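Here are the chains, one letter per residue:
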Amino acid sequence: MDTTDYPIIIEDLNKEYGKVKALKGISFQVKKGEVFGFLGPNGAGKSTTLNILTGLLQPTDGESYIFNEKSKKLSKTTKHKMGVVFETNNLYKRLTGRENLNFFADLYNVDSSKVEELLAFFDLTKAGDRQVKNYSKGMRQRLLIARALLNDPQLLILDEPTSGLDPQSVEMIHRAVEDFSSQGNTVLLSTHFMEEADRLCDRIAFINE
């Protein structure tokens, strides 16, 4: 297998918490340029898999790779090719939406015009000068995805990005994924919504128990 065609490779991944087996030898690959859906009920192991893949959690056994680098030792170069949105909201709530994006734009040496472009795309321009603590759940999630797109990544990893959101926010996020994918980029989308997977995904994998 030519690994350059597969930005994500997961091989026989296991994770145990004492006697609890969260992952039992899962394997899959995500092709370059596709939207890959990772489906399963809550507690099936989707978030555990993504945490291992992005290097936040160590597996009990097995390996995972991003752009041919082991997840355990991802370089800064590889991390800059990724945009990640986890299920947990980790915005700076006392900063405004614009300040949140500008802070990360400075870290990535991204021009402020990109911030304004993303605020407009996600219909957050008017709310850009309000503190994030005053945002609705949908607005916060849109801002998280805007932040993940700031550095023009080649790979987007989304952990249940539309769970519990209003229809307007869901539609904006779906359009963002479609737009990102149309440029030849790769998406790994964790979800438990079949309708979402049917709309967005080229291939899907199911995980349960």
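Everything numeric in this text was worked out from a predicted model, so none of it was measured.

Quick look at the side chain of Glu 196 now. Along the polypeptide, Glu 196 turns up in helix H7 (residues 194–200). The side chain of Glu 196 sits in the buried core without any salt bridge; Arg 199 is the nearest counter-charge, 8.4 Å away. Polar side-chain contacts of Glu 196 include one of 2.8 Å to the side chain of Thr 191. The residues touching Glu 196, leaving out its near neighbours within four places in the chain, are Thr 162, His 174, Leu 189 and Thr 191.

It is worth spelling out the nonpolar core at this point. Core analysis: the largest hydrophobic core is formed by 38 residues, its most contacted members being Phe 122, Leu 143, Leu 150 and Val 187. Listing elements by their share of this core, those giving two or more residues are strand S3 (35–39), helix H3 (97–107), helix H4 (112–121), helix H5 (137–149), strand S7 (155–159), helix H6 (167–182), strand S8 (186–191) and H7. With seven residues, H5 is the largest single contributor of residues to this core.

This part takes up the environment of Asp 179. Within the secondary structure, Asp 179 sits in helix H6. A C-alpha to C-alpha distance of 30 Å links Asp 179 and Arg 94, two positions 85 residues apart in sequence.

Bringing the sheet that holds S8 into the picture now. The five strands lie next to each other as S6-S7-S8-S3-S9, forming an open sheet whose pairing is parallel. Each of the sheet's edge strands pairs with one partner strand only, and the pair in question is strand S6 (82–85) and strand S9 (203–206). Neighbour-to-neighbour, the strand axes of the sheet open up by a mean angle of 15 degrees, direction not taken into account.

Time to look at a negative patch on the surface. Negative charge collects at one region of the surface, where Glu 11, Asp 12, Glu 16 and Asp 61 lie side by side. With three residues, strand S1 (residues 8–17) is the single largest residue contributor to the negative patch. Following the sequence through the fold, Asp 12 ends up in strand S1. The class for Asp 12 is partly exposed, based on a relative accessible area of 43%.

Turning our attention to the pattern of salt bridges. On inspection of all chains with the given rule, the structure shows 10 salt bridges. Glu 178 serves as the salt-bridge partner of Arg 199, at 2.9 Å between the closest nitrogen and oxygen. With Arg 199 in helix H7 and Glu 178 in helix H6, the pair connects residues that are 21 residues apart, well separated along the chain. In this structure Arg 199 comes out as partly exposed when scored by relative accessible area, which is 36%. Within the structure, one salt-bridge network assembled from shared partners comprises Glu 63, Lys 70 and Lys 72.

Reading the values: rules and limits
Numbers given for residues are sequential positions, taken from 1 along each chain in its written order. In keeping with the model being predicted, local features are shown solely for residues with a pLDDT of at least 70 and side-chain atom pairs are shown and tallied solely at 80 or more, while totals for entire chains, interfaces and linings include all residues. Neither water nor hydrogens contribute to the side-chain values; these are computed over all heavy atoms in the structure. Under the scheme used here, helices are H or I runs from DSSP no shorter than 4 residues and strands are E runs no shorter than 2 residues, and both carry numbers assigned from the N terminus. Only protein chains enter the calculation, and the probe is 1.4 Å; a residue is then buried if its accessible area is under 20% of its type maximum, exposed if over 50%, and partly exposed in between. Charged residues are defined narrowly, with Lys and Arg counted positive, Asp and Glu counted negative, and His plus the chain ends left uncounted. By convention in these notes, a salt bridge is any Lys or Arg side-chain nitrogen within 4 Å of a carboxyl oxygen on Asp or Glu. In protein, a polar contact means a hydrogen-donor-capable atom and an acceptor-capable atom, both N or O and within 3.5 Å, with residues adjacent in sequence counting only if both atoms are side-chain atoms; elsewhere, any N or O pair within 3.5 Å suffices. Two residues qualify as a contact provided that any one of their heavy atoms is within 4.5 Å of a heavy atom in the partner residue. Working definition of a nonpolar core: buried Ala, Val, Leu, Ile, Met, Phe, Trp, Tyr and Cys residues. They are joined through side-chain atoms within 4.5 Å. At least two bridges found by DSSP between two strands is the condition for calling them paired. Orientation is described by lines fitted to C-alpha atoms, with helices fitted over the stretch in contact, and by angles between N-to-C directions that extend from 0 to 180 degrees. Here the term patch refers to residues with relative accessible area over 30% and no salt bridge, with like charges joined within 9 Å and nonpolar side chains (Val, Leu, Ile, Met, Phe, Trp, Tyr) within 5 Å. Methods summary: accessible areas were calculated by the Shrake-Rupley approach with a probe of 1.4 Å, and residue burial reflects only the protein chains presented. Taken as the charge location is NZ of Lys, CZ of Arg, CG of Asp or CD of Glu.

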